[in-house]
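# Per-entry structural report
So the chains spell out like this:
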Amino acid sequence: MGLACPLFLRAGPGRCVLPPPSSRLLCHDLQANFPKKLKLVEDDSGKASPRSPPLSPEQQERIRKNKEAALQRLASRSVPAGFGEGWRRQLAGEFTKPYFSQLMAFVADERKRHTIYPPPQQVFTWTQMCDIRDVKVVILGQDPYHGPSQAHGLCFSVQRPVPPPPSLENIYKELSEDIEDFTHPGHGDLTGWAKQGVLLLNAVLTVRAHQPNSHKEKGWEQFTDAVVSWLNNNLDGLVFILWGAYAQKKGISIDRKRHHILQTVHPSPLSVHRGFFGCRHFSKTNELLKKSGKKPIDWRAL
């Protein structure tokens with residue numbers, strides 16, 4: 001069916017009159033050239049409408065970058081205090097999700113009613129120690145310490161001069177057997193590891209004083225799952241150290257062909273004699289890092 005000429009003049013029901021010759025010539029040109037420039041498709045009403053040409057790779061890339069920039073601007077409004085810049089850029093999508101807004105509101109309300117550990121500026125200490133792309137080792141914990149001045153945003157670690165808790169004391173005992181020249185540092189602050197690319201990440205990042213697991217299933221698990229997922233999908237040759245059933249469950253989605261997994265029981269006094277002592281995870285980690293062409297961890301640097 002021919003394209004109806006837009007220059008015909010209606011003269012009444014079922015009747016048309018021709019426009020002047022000059023207009024008819026213009027109409028002929030339009031009909032001749034229109035199909036060469038645009039393809040016609042039928043819309044929902046059955047009428048013909050022009051189809052847009054496919055986007056070039058350059059246009060698609062520009063759209064992607066614009067979307068990413070918009071997301072970063074939106075996320076910057078809701079990024080929590082103390083969150084490392086390199087980590088923020090990669091995890092920006094989480095900050096704009098409803099669960100994260102609800103989680104931040106929950107924690108803020110909890111701080112008004114209870115003593116919450118760690119303090120706000122230390123919840124994300126793990127993002128301040130090294131860039132997200134410099135992570136080499138991941139040790140997964142469960143819940144922050146719930147005593148005064150203990151938790152500071154790194155799992156298993158405590159602030160000086162707080163004495164090391166029993167699980168950390170057992171970690172030091174294993175290190176003294178596994179790593180040559182390792183000696184007890186006299187404190188429990190593991191910042192020296194974190195600065196070398198050891199991510200010390202709890203599944204839940206806040207807790208009420210003296211109430212373990214009090215912030216469980218409030219949204220932190222979803223957020224830290226997203227952290228593990230990003231590392232799993234974007235880096236290669238990481239060593240994931242999973243102590244205890246909880247950490248092993250959280251790490252179940254890790255790509256074992258792409259990364260290395262070391263797992264055993266938790267270093268808690270309740271389980272340490274069932275396989276933690278003698279696991280040699282620290283020397284094994286360094287062997288795996290060397291095979292991947294990465295600098296090993298100096299576990300003595302505390």
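Keep in mind the model is a prediction, meaning the values are calculated, not measured.

### Notes on the overall build of the chain
Helix and strand counts for the chain stand at nine helices and ten strands. For the chain, the residues scored as buried account for 43% of the 302 residues in total. Restricting to contacts in the chain with at least 6 residues of sequence separation, those with at least 24 account for 62%. Element-wise, carbon and sulfur atoms account for 53% of the exposed surface of the chain, whose accessible area totals about 17,000 Å².

### Digging into the pattern of salt bridges
Two side chains that carry opposite charge are able to pair once their charged atoms sit near each other. In total, this model carries eleven salt bridges according to the counting rule given. Among the salt bridges present, the one from D109 reaches R113, with a minimum N-O distance of 2.8 Å. With D109 and R113 both in helix 4 (residues 98-113) and four residues apart, the pair spans about one turn of that helix. Among the salt bridges present, the one from D225 reaches K250, with a minimum N-O distance of 2.5 Å. Remark: K250 occurs in helix 8 (residues 245-250) and D225 occurs in helix 7 (residues 220-234); sequence separation between them is 25 residues. The exposure class of D225 is partly exposed, given its relative accessible area of 37%. Through salt bridges with shared partners, one network takes in E85, R88 and R89.

### Focus: unusual backbone geometry
A negative phi angle characterises most non-glycine residues, just as the trans form characterises most peptide bonds. Backbone torsion omega between Y117 and P118 reads -10 degrees, so that peptide bond is classified as cis. Residue P161 is reached from R160 by a cis peptide bond, and omega for that bond is 0 degrees. Structurally, P161 is set in the loop between strand 6 (137-141) and helix 5 (166-178). Of note, S149 is a non-glycine position whose phi angle comes to about 60 degrees, a positive value. For S149, a relative accessible area of 45% gives the class partly exposed. The phi torsion at E217 lies on the positive side, around 60 degrees, for a residue other than glycine. In this fold, E217 is placed in the loop between strand 8 (207-208) and helix 7.

### Concerning the sheet that holds strand 6
Remark on secondary structure: sheet strands pair via backbone hydrogen bonds, oriented parallel or antiparallel. An order of 7-6-9-10 is seen for the four strands of this open sheet, with the pairing classed as parallel. The outermost strands of the open sheet, each flanked by one partner alone, are strand 7 (198-202) and strand 10 (260-264). Sheet twist, expressed as the average angle between the axes of neighbouring strands with direction ignored, equals 20 degrees. Sheet topology places strand 6 next to strand 9 (residues 239-243); four bridges connect them, and they run parallel. Opposite V138, over in strand 9, you have F240 as the bridge partner. Each of strand 6, strand 7 and strand 9 touches helix 7; the most contacted strand, strand 7, lies at about 155 degrees to it.

### Some remarks on the UniProt feature "active site" (unreviewed entry) in the chain
As annotated by UniProt and renumbered to match this structure, "active site" (unreviewed entry) occupies D143. D143 has contacts with N202, V204, T206, V207, P212 and N213, leaving out every residue within four places of it along the chain. From its side chain, D143 meets the backbone nitrogen of N213 in a polar contact 2.7 Å long.

### Considerations on the nonpolar core
W126, F223 and L231 are the most contacted members of the largest nonpolar core, which has 69 residues in total. Not counting residues up to four positions away in its chain, the partners in contact with F223 are F83, L91, E94, F95, Y99, F100, F124, W126 and L205.

### Concerning the side chain of Q150
Structurally, Q150 is set in the loop between strand 6 and helix 5. Polar side-chain contacts of Q150 include one of 2.9 Å to the backbone nitrogen of G147. Non-local contacts of Q150, meaning those with residues more than four positions away in its chain, are made with Y145, S157, V158, Q159, V162 and P165.

### Let's talk about the packing of helix 3 (residues 85-95) against helix 7
Closest axis-to-axis distance for the helix 3/helix 7 pair is 11 Å, and the angle between their directions is 135 degrees. When the interaxial angle is binned, helix 3 and helix 7 end up oblique. The hand of the helix 3/helix 7 crossing is right-handed. From helix 3, W87, Q90, L91, E94 and F95 reach across to helix 7, where they touch F223, A226, V227 and W230. Each residue belonging to the contact of helix 3 with helix 7 can be placed in one class, and the counts come to seven nonpolar, one polar and one charged.

Definitions and limits used
Residues numbered from 1 in each chain as written. Predicted model: local features only at pLDDT ≥ 70, side-chain atom pairs only at ≥ 80, totals over all residues. Heavy atoms only, no water. Helix = DSSP H or I, 4+ residues; strand = E, 2+ residues; numbered from the N terminus. Buried < 20%, exposed > 50% of the residue type's maximum accessible area, 1.4 Å probe, protein only. Contact = heavy atoms within 4.5 Å. Areas by Shrake-Rupley, 256 points an atom, 1.4 Å probe, with all protein chains shown as cover. Salt bridge = Lys/Arg side-chain N within 4 Å of Asp/Glu carboxyl O. Pairing = 2+ DSSP bridges. Axes fitted to C-alpha atoms, helices over the stretch in contact; angles between N-to-C directions. UniProt positions renumbered as here; feature names shortened; annotations may be inferred. Polar contact = N/O pair within 3.5 Å; in protein donor to acceptor, adjacent residues only side chain to side chain. Core = buried A, V, L, I, M, F, W, Y, C linked by side-chain atoms within 4.5 Å. Parallel < 35°, antiparallel > 145°, perpendicular 65-115°, else oblique. Left-handed = near helix turned anticlockwise from the far one by under 90°. Nonpolar A, V, L, I, M, F, W, Y, C, P; charged D, E, K, R; others polar.

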